[in-house]
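# Tertiary structure, described
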Amino acid sequence: VSKRLTPVNKIDQSEPYRFLLSTVHGIQDNYNQQNAISLKEILSVEHGQLIRSAQFNYMFDIEFLLEQYPLEFRLKPLLIVHGDSRHDNQSIKNQCSPYPQIEICPARLDIPFGTHHTKMMFLLYETGLRIVIHTANLILQDWRQKTQGIWISPICPKTNDDRESKTNFKKDLLEYIERYRARQLQFWQKTINEHDFSSINVHLISSTPGRHTGPDLNKFGHLKLRQTLKNYLNLDKDEQYNSSPIIGQFSSIGSLGPNANSWLTKEFLTSLKQLSSSSLESPELKLIYPTVENVRTSLEGYMAGGSLPYNMQNAMRQTWLVNYLHRWKADHRHRSQASPHIKTYLRATNDQFKDILWFLVTSANLSKAAWGVLEKNNTQLMIRSYEIGVLYTPKQFSKATFSLPDSPSFPIPYDLPPVKYQTSDKPWIVDVAYKDKPDSHGNMWDPS
Ligand SMILES: O=C(O)c1c[nH]c2c(-c3ccccc3)cccc2c1=O
């Protein structure tokens, strides 16, 4: 058997899905070898000679970020794309002022309560352009002991003709970038145009702030997801899947209304349940969100709850939601104690969860701000925030479904089927004190 001459790096080993989790400090190392990667490894010199990069995110620790680049790349031009809010602008400006190679691009947030949640990297190498779409803030805490999701594109070679992917990824990404209307992004729009995206096999699902209507109605948010599922899930006899279960997994929850019908099942689930043919059946929706016990026993202890900002104000108004909730459990990936900051959505073929119809990893939590809410008699979708994620459909991998016993099986980040909250389980709420039981570090949680 011929030994490979060049060691295959973790990213190429993750073919064909290229979906990895972040490495976790404090678990057995072999669970960090398979389908897991650190920020330093993503930025490693092993992938080629970096020319310049862009980092889209919400929270930044610029010293931490620069330290993750190899020494020889730390002076390369770096564009920071962040949410335009007075408080953040000052902090970002102060952090970046010592570094002339860093340019700043504030993302317009014209609708109140919107945030720039998008977490994405553009890495331009001499050999081509790599896109990374993920769920981690650019701070140490987000990359140390949490479960984060990361999609890493191949390095797309430069091309003279317009080489698009079968999923229209290039066009969708350019549409997304265009919405910033920022001159600092013009270089990257030009660069994306000049690279060959034909090897990309995922769909782009993004959100941008606005009241999207007319030709833009299905371009963003949950209507983009609905449209993409309708167009690309052409399973023969798909009516057999009309009642198959859907999972939503996230690290925060917005105000969803006085009952499930307000938005969750009538609007959001209608998009998630879309098959090529529509059906009136209402499949079971299972939501995964950490319990207090999940947080207390996590590697970080109650501190993990600082990144699970579900507040009492919302929780007390939607106690009906608890009936949908399931625990965070990821024993098969050794990450039951690595608190989830990843956000994922998926549909199984049946309640055995042996086969998956589609899988989405995204920055978008369970909120109307992220996914959009229909207005004006369903003629416009109002979205407050920037979000971005990638959707896997079996057709792009020449499969009917993603069968988990397959090899390589799709690397699902948590255990299936999900485990329902027991009567003693409570959802983690960030602004409540927990003082009856110490956490894994012997501490209590008292936010007051
Ligand atoms: O984009 C992300 O990932 C995140 C976005 N907001 C977070 C907050 C927060 C919640 C309400 C108002 C402002 C900030 C708190 C803790 C973690 C996050 C977070 O992780």
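Look above for the structure.
This section reports on the structure supplied with the text. On a predicted model such as this, the values are computed, not experimentally measured, just so you know. (Residues numbered from 1 in each chain as written. Predicted model: local features only at pLDDT ≥ 70, side-chain atom pairs only at ≥ 80, totals over all residues. Heavy atoms only, no water.)

## So, the overall build of the protein chain
Selection criterion: Elements are defined by DSSP. Helices are runs of H or I of four residues or more, strands are runs of E of two residues or more, and each kind is numbered from the N terminus. Each radius of gyration reported is based on C-alpha atoms, and the globular scaling rule is 2.2 Å times the count of residues to the power 0.38. Any residue under 20% of the maximum accessible area for its type is buried, any over 50% is exposed, and the rest in between are partly exposed; the area is computed with a 1.4 Å probe on protein chains only. Residues are treated as being in contact if the distance between any of their heavy atoms lies within 4.5 Å.
Along the backbone of the protein chain there are 13 helices and 21 strands. Against the compact-globule benchmark of 22 Å for 448 residues, the protein chain has a radius of gyration of 21 Å, which places it among compact chains. Along the first, second and third principal axes, the C-alpha set of the protein chain runs to 60 × 55 × 55 Å. Counting across all 448 residues of the protein chain, residues that qualify as buried make up 58%. Put simply, 76% of the contacts in the protein chain that link residues at least 6 apart link residues at least 24 apart.

## A closer look at the site of the ligand
Quick note on the threshold: Nearness is defined per residue: one heavy atom within 4 Å of the molecule or strand is enough. Here a polar contact means two N or O atoms within 3.5 Å. Within protein one must be a hydrogen donor candidate and the other an acceptor candidate, and residues neighboring in sequence count only if both atoms are side-chain atoms. Per-residue and other accessible areas were derived by the Shrake-Rupley procedure at a 1.4 Å probe size, with only the shown protein chains allowed to occlude residues. Gly is put with the polar residues, along with every residue not named as nonpolar or charged; the nonpolar set is Ala, Val, Leu, Ile, Met, Phe, Trp, Tyr, Cys and Pro, and the charged set is Asp, Glu, Lys and Arg.
In the neighbourhood of the ligand, the contacting residues comprise Tyr58, Met59, His117, Lys119, Asn137, Gly306, Ser307, Pro309 and His341. Here an oxygen atom of the ligand sits 2.7 Å away from a polar atom, N or O, in the side chain of Lys119. One of the side-chain nitrogen or oxygen atoms of Asn137 is found 3.1 Å away from an oxygen atom of the ligand. In isolation the ligand offers 440 Å² of accessible surface; the protein chains occlude 65% of this area. For the shell around the ligand, the per-class residue count stands at 3 nonpolar, 5 polar and 1 charged.

## Description of the packing of aromatic side chains
Operational definition: Stacked, edge-to-face and tilted are the three classes for Phe, Tyr and Trp ring pairs, Trp counted by its six-membered ring, which pair at centre distances within 6.5 Å; planes under 30 degrees apart are stacked, over 60 edge-to-face, the rest tilted.
Under the counting rule described, the total for this entry stands at 34 aromatic pairs. For the pair Tyr17 and Phe410, a centre-to-centre distance of 4.8 Å together with 55° between the ring planes defines the contact as tilted. You can see Tyr17 sitting in the loop between α1 (10-13) and β1 (19-22) and its partner Phe410 sitting in the segment after β21 (402-403), a full 393 residues away along the chain. You can call Phe410 buried: its relative accessible area is 3%.

## Re the sheet that holds strand β11 (residues 210-213)
Basically, it comes down to this: Pairing between two strands requires that DSSP report at least two bridges joining them. Helix axes are fitted only over the stretch in contact, all axes being lines through C-alpha atoms; the angle between N-to-C directions runs from 0 to 180 degrees.
Overall, antiparallel pairing links the 3 strands, which are arranged β11-β19-β18 in an open sheet. Edge positions in the sheet fall to β11 and β18 (373-375), since each has one partner strand and no second. Taken over all neighbouring pairs, the strand axes of this sheet differ in orientation by 35° on average, direction set aside. Relative to the sheet, helix α9 (residues 221-232) contacts β18 and β19 (380-383), its axis offset from that of β19 by approximately 125°.

## Topic: the pattern of salt bridges
Under the convention used in this document: Take a side-chain nitrogen of Lys or Arg and a carboxyl oxygen of Asp or Glu: if they are within 4 Å of each other, that pair is a salt bridge.
Taken as a whole, this structure holds 22 salt bridges when the rule is applied. The partner of Glu103 in a salt bridge is Arg183, and the shortest N-O contact between them spans 3.9 Å. Taken together, the positions of Glu103 in strand β5 (residues 102-107) and Arg183 in the loop between α7 (169-178) and α8 (186-193) put the pair 80 residues apart, joining distant regions of the chain. Note that Asp196 and Arg163 form a salt bridge whose closest N and O atoms lie 3.3 Å from each other. One end of the pair, Asp196, is in the loop between α8 and β10 (203-207); the other, Arg163, is in the loop between β9 (149-152) and α7, and 33 residues separate them in sequence. Arg163 gets classed as partly exposed once you look at its relative accessible area, which sits at 39%. Overlapping salt bridges, with partners in common, bring together Glu175, Arg179, Asp216 and Lys219 in one network.

## Some points on helix α5 (residues 86-96)
Convention followed: Note: the arc covers the axis-to-C-beta directions of the helix.
For α5, every residue scored as buried is listed here: Asn89, Ile92 and Cys96. Buried residues of α5, viewed axially, fall in a sector of 75°; they line one side. The exposed residues of α5 that point more than 90 degrees off its buried face are Arg86 and His87. Against the buried residues of α5 lie α4 (62-68), β4 (78-83) and β5.

## Some points on the packing of α7 against α8
Stated precisely, the cut-off is as follows: Comment on the angle field: the value is read as roughly parallel under 35 degrees, roughly antiparallel over 145, roughly perpendicular from 65 to 115, and oblique elsewhere.
Axis separation between α7 and α8 bottoms out at 10 Å; the angle between their running directions is 170°. Accordingly, the angle class assigned to the pair α7 and α8 is roughly antiparallel. Counting all contacts with α7, which are made through Lys170, Leu173, Leu174, Ile177 and Glu178, the residues of α8 involved are Gln189, Ile192 and Asn193. Among the residues forming the contact of α7 with α8, the class breakdown is 4 nonpolar, 2 polar and 2 charged.

## What to know about the nonpolar core
What counts here: The definition of a nonpolar core used throughout is a set of buried Ala, Val, Leu, Ile, Met, Phe, Trp, Tyr and Cys residues joined through side-chain atoms within 4.5 Å.
Judged by nonpolar contacts, the single largest core of 51 residues is most densely connected at Met120, Phe122, Phe169, Leu173 and Tyr392. At 5 residues, α7 tops the list of elements feeding residues into this core. If sequence neighbours within four positions are ignored, Tyr392 has contacts with Tyr17, Arg18, Phe19, Trp151, Val202, Trp358, Phe359, Phe397, Phe402 and Phe410. Counting residues in each nonpolar core, the second largest holds 48 residues, with Leu229, Tyr310, Ala315 and Tyr434 among its members.

## A word on the environment of His332
Mapped onto the elements of the fold, His332 is located in the loop between β14 (325-326) and β15 (339-340). For the pair formed by His332 and Tyr31, sequence separation is 301 residues and the distance between their alpha carbons is 9.4 Å. Excluding residues that lie within four positions of it along the chain, His332 makes contacts with Tyr31, Ile412, Pro413, Tyr414 and Asp415.

## Here's the deal with the sheet that holds strand β3 (residues 50-56)
Strand order in the open sheet formed by 8 strands is β2-β1-β9-β7-β6-β3-β4-β5, with mixed pairing between adjacent strands. Looking at the sheet topology across the chains shown, the edges are occupied by β2 (36-37) and β5. α7 rests against β3, β6 (120-125), β7 (128-134) and β9 of the sheet, and its axis sits at about 115° to β6. Packing of α8 onto the sheet brings it into contact with β3, β4, β6 and β7, and relative to β6 it is tilted by some 65°.

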